[in-house]
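The lines below spell out each chain.
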Amino acid sequence: MPILTIFPVVADGLPLFDLCALQLLIRRGDLQALTAPGGFGEEDKRSEAKARSESLQQLSDIMADWTKALSVEMFFVEAEKRMQMVDGERRVHLETRLRLARSMLGDLDPLSFIEQWVSPEERYQRKFMDE
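Let me sum up the structure you'll find in this document.

Observations concerning the overall build of the chain
Along its length, the chain carries 7 helices and 2 strands. For the chain, the succession of helices and strands along the chain, N to C, is α-β-β-α-α-α-α-α-α. By residue count, 20% of the 131 residues in the chain fall in the buried class. For the chain, the exposed surface amounts to about 10000 Å²; the carbon and sulfur share of it is 60%.

Description of helix α5 (residues 88-105)
Taking 1.5 Å of rise per residue, the 18 residues of α5 would be expected to cover 26 Å, and the 26 Å separating its terminal C-alpha atoms lies within 8% of that figure. One or two residues past the end of α5 sits G106, with phi positive at roughly 75 degrees.

Some words on the packing of aromatic side chains
In this structure the tally under the stated criterion is 1 aromatic pair. Measuring from centroid to centroid gives 5.2 Å for F75 and F76, while their planes differ by 70 degrees, and the two rings are edge-to-face. Assessed through its relative accessible area of 52%, F75 is described here as exposed.

What counts as what
Residues take numbers from 1 onward in each chain, read along the sequence in its written order. Per-residue local features are limited, in this predicted model, to residues with pLDDT of at least 70; the limit for side-chain atom pairs, both in listing and counting, is 80 or more; totals at the level of whole chains, interfaces and linings are taken over all residues. Heavy atoms from the whole structure form the basis of all side-chain values; hydrogens and water molecules are not counted. The numbering of helices and of strands both runs from the N terminus, where a helix is a DSSP run of H or I of at least 4 residues and a strand a run of E of at least 2. Relative accessibility thresholds used throughout: buried, under 20% of the residue-type maximum; exposed, over 50%; partly exposed, between the two (1.4 Å probe, protein chains only). Throughout, the Shrake-Rupley method with a 1.4 Å probe supplies accessible areas, and for residues the shown protein chains are the sole cover considered. One less than the number of residues in a helix, times 1.5 Å, gives the span that helix is expected to have. Stacked, edge-to-face and tilted labels apply to pairs of Phe, Tyr and Trp rings (six-membered ring for Trp) whose centres lie within 6.5 Å, assigned for plane angles under 30 degrees, over 60, and everything in between, in that order.

Dropping the structure here:
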């Protein structure tokens, strides 16, 4: 049984045997193996593509949430505007209801959505350098 399967040690996010193989390739000057199909460079390319796809999906979701938040905000602005035409106990009751509704929905600031977005570069950092 090869030693590599007995000791699945991980260092810097890579299995130790990948790091050893990488060091051997670098010592031999075989940098083409890093970018060859199935080589270490392929892992980077796949991971970068996945990170980009996930980031785009999250950004699309954020834009959809932003649209919903703006719609909800427009609802409250219109309700508050109409409430100005109501007097007495009904107005007090409606103000209370609107406050409760707003507090239940939480933060509707669209900028807070974009602050939570994770860019492709934040999702994945290349492990191997190009030639």
